[in-house]
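Residue strings, one per chain:
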Amino acid sequence: MLAKYWKKIGLLILIIACVFNVMSKLVHKLSLNTEMISSAIYVQQHEEENKTQDNEN
């Protein structure tokens, strides 16, 4: 019986694995607000570094 349905069983296992993968990525994803704040801080720090380097030159 297993030999007759091995493609369907394999496809079902593959679909379930993909669904679990997508769900785990969605659960562990950072919120958009946190991501925007961290990127704004990063840009601000680099702008301040560039200003201090320009002032030294």
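Structure's up top.
I will try to describe carefully the structure that is included in this document. In this text, all values refer to a predicted model and were calculated from it rather than measured experimentally. (Residues numbered from 1 in each chain as written. Predicted model: local features only at pLDDT ≥ 70, side-chain atom pairs only at ≥ 80, totals over all residues. Heavy atoms only, no water.)

## Let's talk about the overall build of the protein
Next up, step 1: Within the protein, the secondary structure is distributed over 2 helices and 0 strands.
Next up, step 2: Principal-axis analysis of the C-alpha atoms places the extent of the protein at approximately 80 × 25 × 10 Å.
Next up, step 3: Across the 57 residues in the protein, those meeting the buried criterion constitute 0%.
Next up, step 4: Taking the average place of the 6 positive charges on the side chains of the protein and the average place of its 6 negative ones, the gap between the two points comes to 40 Å. (Helix = DSSP H or I, 4+ residues; strand = E, 2+ residues; numbered from the N terminus. Buried < 20%, exposed > 50% of the residue type's maximum accessible area, 1.4 Å probe, protein only. Lys, Arg positive; Asp, Glu negative; His and termini not counted. Charge placed at Lys NZ, Arg CZ, Asp CG, Glu CD.)

## Some remarks on the environment of Val19
Next up, step 1: Secondary-structure assignment places Val19 in helix 1 (residues 6-27).
Next up, step 2: With relative accessibility at 48%, the residue Val19 sits in the partly exposed group.

## Looking at the environment of Ala3
Next up, step 1: Summarising the element assignment, Ala3 is placed in the segment before helix 1.
Next up, step 2: Taking relative accessible area as the criterion, Ala3 reaches 64% and is therefore assigned exposed.
Next up, step 3: Distance in space between the C-alpha atoms of Ala3 and Asn33 is 51 Å, their sequence separation being 30 residues.

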